[in-house]
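Geometric and topological summary
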Amino acid sequence: QVQLVESGGGLVQAGGSLRLSCAASGRTFSNYAMGWFRQAPGKEREFVAHISWSGGSTYYANSVKGRFTISRDNAKNTVYLQMNSLKPEDTAVYYCAALKGVVVTSASSYGYWGQGTQVTVSS
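Residues numbered from 1 in each chain as written. Predicted model: local features only at pLDDT ≥ 70, side-chain atom pairs only at ≥ 80, totals over all residues. Heavy atoms only, no water.

**Structural notes on the packing of aromatic side chains**
Applying the stated criterion across every chain, the model contains 7 aromatic pairs. For the pair F37 and F47, a centre-to-centre distance of 5.7 Å together with 75 degrees between the ring planes defines the contact as edge-to-face. Within this pair, whereas F37 is found in strand β4 (residues 34-39), its partner F47 is found in strand β5 (residues 46-51), the two being separated by 10 residues in sequence. Residue F37 shares its accessibility class with F47, and that shared class is buried. Above the face of the Y95 ring, R45 is positioned so that its terminal group lies 3.8 Å from the ring centre. The aromatic ring of W113 is capped on one face by R45, whose charged end is 4.7 Å from the ring centroid. (Phe/Tyr/Trp six-rings, centres within 6.5 Å; stacked < 30°, edge-to-face > 60°. Helix = DSSP H or I, 4+ residues; strand = E, 2+ residues; numbered from the N terminus. Buried < 20%, exposed > 50% of the residue type's maximum accessible area, 1.4 Å probe, protein only. Lys NZ or Arg CZ within 6 Å of the ring centre and 35° of its normal.)

Shown next, in the form of structure tokens:
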């Protein structure tokens, strides 16, 4: 089992920045590739970013590429999502998850999820 707890969400104006954190406990964190997803009201959960177990490989949704950066610190059992140039359409609950499957952009490939943190971007 891996327990994940997100933090760092909040209310920010368009153009602002936030840094989300996801703290892991339980099984060895460094064994898992990690992802960030988000879900807006009335919409399906969508992929945001992925990072390999070592941190050497990352992948982003086109909608956030160039604005968001995913990183991890295996010594601290934490994965981060730095979000810059935020837009109102980035408003959602953001979730971190640990990968158990193959398709890194599919929520069904992730076996462990945090409870989510709300990000609201005002125009």
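What follows continues from the structure just given.
**Digging into the state of the cysteines**
The bond known as a disulfide is covalent and runs between the sulfur atoms of two cysteines. A full pass over the atoms with the stated rule returns 1 disulfide. Paired by a disulfide, C22 and C96 hold their sulfur atoms 1.9 Å apart. Sign of the S-S torsion, about 55 degrees for the bond between C22 and C96, identifies this disulfide as right-handed. One end of the pair, C22, is in strand β3 (residues 18-26); the other, C96, is in strand β9 (residues 92-99), with 74 residues separating them in the sequence. Each of the two residues, C22 as well as C96, counts as buried. (Disulfide = S-S within 2.5 Å.)

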